[in-house]
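# Reading the structure
Read off the chains here:
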Amino acid sequence: MAVLKKIRSRLFSSGAGHGEETDPEGEASAAGAAQDARWRYDVRPLTAAQLDECWRLDHRCFVDGEAYSRETFEYLLTSPESVSYRAVTPDGTMVGFIVGIVEPDQTGHITTLGVAPEHRRRGVARRMLLKVEEGFRRRGVRITRLEVRSVNAGAQDLYLKLGFAVTQRLPRYYSNGGDGLLMVKSIV
Ligand SMILES: CC(C)(COP(=O)(O)OP(=O)(O)OC[C@H]1O[C@@H](n2cnc3c(N)ncnc32)[C@H](O)[C@@H]1OP(=O)(O)O)[C@@H](O)C(=O)NCCC(=O)NCCS
């Protein structure tokens, strides 16, 4: 995720499955179907209307002290340049979010991305990333970028699989002194 104050001074100048195996027999099969139903996710636009729910989920996803403040989310989600989505379960519970911004240089910046721990490894982040790319393309974006902790191997694997490449190391990018990696993808 991006440390916004290092990238965008304007922000702070005034004050980002595996299906259940089908059991051919009776009860086990019904249980499998129920499980699959729970894993059916919708990807919908994320707006300021979901600010508090998103902020709470962010705190569950980023337990390293790098979660965004409520104000940062408010800024991002009310920006006209926001291209942001949420993943929801059939009952409407938000289990994932992705926040993208079209930057002044027309690059698409994915500032944060998170999936609730109990819904991970079911393709939710992948789907949200592809959705953001579609949204960016509609706005004429040709290059998308993001920052990721150098030690966050899982997230890097996700991005590499989707075609991102590491273009730069960002020494001490994070507030705890950890390095970041800048990853970039052409979405032409
Ligand atoms: C990183 C994160 C968003 C991934 O969400 P997710 O919905 O579990 O990811 P997906 O299921 O779409 O993963 C797709 C692929 O990415 C890779 N991947 C995702 N998480 C991984 C992990 N923890 N370890 C290794 N590879 C991982 C795998 O290749 C995976 O495919 P597979 O499950 O078939 O092996 C989620 O773990 C998370 O919220 N982490 C905490 C916040 C965070 O680090 N955000 C990113 C900041 S830059």
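Above this text you will find the structure in question.
Please read these numbers as outputs of a predicted model, since none were measured by experiment.

### Points about the nonpolar core
- One finds F73, F97, I98, I110, M128, F136 and Y159 to be the most contacted residues of the largest nonpolar core, which totals 50 residues.
- Examining the composition of this core, we find that seven residues originate from one element, strand β3 (residues 94-102), more than from any other.
- With residues up to four places along the chain from it excluded, the contact list for F73 reads L51, C54, W55, D58, Y68, F97, V99 and T112.

### Regarding the pattern of salt bridges
- Applying the stated rule across the entire model yields 10 salt bridges.
- Note that R44 is salt-bridged to D42, the shortest N-O span being 3.3 Å.
- Under the relative-accessibility criterion, R44 is labelled partly exposed at 31%.
- In this structure, the salt-bridge partner of D179 is R169, at a minimum N-O distance of 3.0 Å. Of the two residues, D179 sits in the loop between β6 (165-170) and β7 (180-186) while R169 sits in strand β6, which places them 10 residues apart along the sequence.
- In the salt-bridge network here, residues are joined through shared partners; they are E103, R145 and E147.

### Focus: unusual backbone geometry
- Here the phi dihedral of R121 falls at roughly 65°; this positive angle occurs in a residue that is not glycine.
- Along the chain, R121 turns up in the loop between β4 (108-115) and α6 (124-138).
- For R121, a relative accessible area of 70% gives the class exposed.
- Even without being glycine, R172 reaches a positive phi, approximately 50°.
- For R172, the location among the structural elements is in the loop between β6 and β7.
- Residue R172 is classed as exposed on the basis of its relative accessible area of 60%.

### What to know about the environment of H119
- Within the element layout of this structure, H119 appears in the loop between β4 and α6.
- Separated by 30 residues in sequence, H119 and T89 place their C-alpha atoms 9.8 Å apart.
- Beyond its immediate stretch of four places on either side in the chain, H119 contacts Y41, T89, V95 and V124.
- Of the polar contacts made by the side chain of H119, one reaches the side chain of Y41; its length is 2.8 Å.

### Concerning the site of the ligand
- Taken together, 23 residues sit near the ligand, with R121, G123, N152, D157 and K161 positioned nearest.
- With respect to the ligand, the backbone of G123 contributes an N or O atom lying 2.8 Å from an oxygen atom.
- In the model, an oxygen atom of the ligand is placed 2.8 Å from a nitrogen or oxygen of the N152 side chain.
- A total of 900 Å² of accessible area belongs to the ligand in isolation, and the protein chains cover 79% of it.
- For the shell around the ligand, the secondary structure elements donating two or more residues are β4, α6, β5 (143-149) and α7 (153-161).
- Broken down by element, the shell around the ligand gets its largest block of residues, six residues, from α7.
- Each residue belonging to the shell around the ligand can be placed in one class, and the counts come to 11 nonpolar, five polar and seven charged.

What counts, and at which threshold
- Residues numbered from 1 in each chain as written.
- Predicted model: local features only at pLDDT ≥ 70, side-chain atom pairs only at ≥ 80, totals over all residues.
- Heavy atoms only, no water.
- Core = buried A, V, L, I, M, F, W, Y, C linked by side-chain atoms within 4.5 Å.
- Buried < 20%, exposed > 50% of the residue type's maximum accessible area, 1.4 Å probe, protein only.
- Helix = DSSP H or I, 4+ residues; strand = E, 2+ residues; numbered from the N terminus.
- Contact = heavy atoms within 4.5 Å.
- Salt bridge = Lys/Arg side-chain N within 4 Å of Asp/Glu carboxyl O.
- Polar contact = N/O pair within 3.5 Å; in protein donor to acceptor, adjacent residues only side chain to side chain.
- Near = heavy atom within 4 Å.
- Areas by Shrake-Rupley, 256 points an atom, 1.4 Å probe, with all protein chains shown as cover.
- Nonpolar A, V, L, I, M, F, W, Y, C, P; charged D, E, K, R; others polar.

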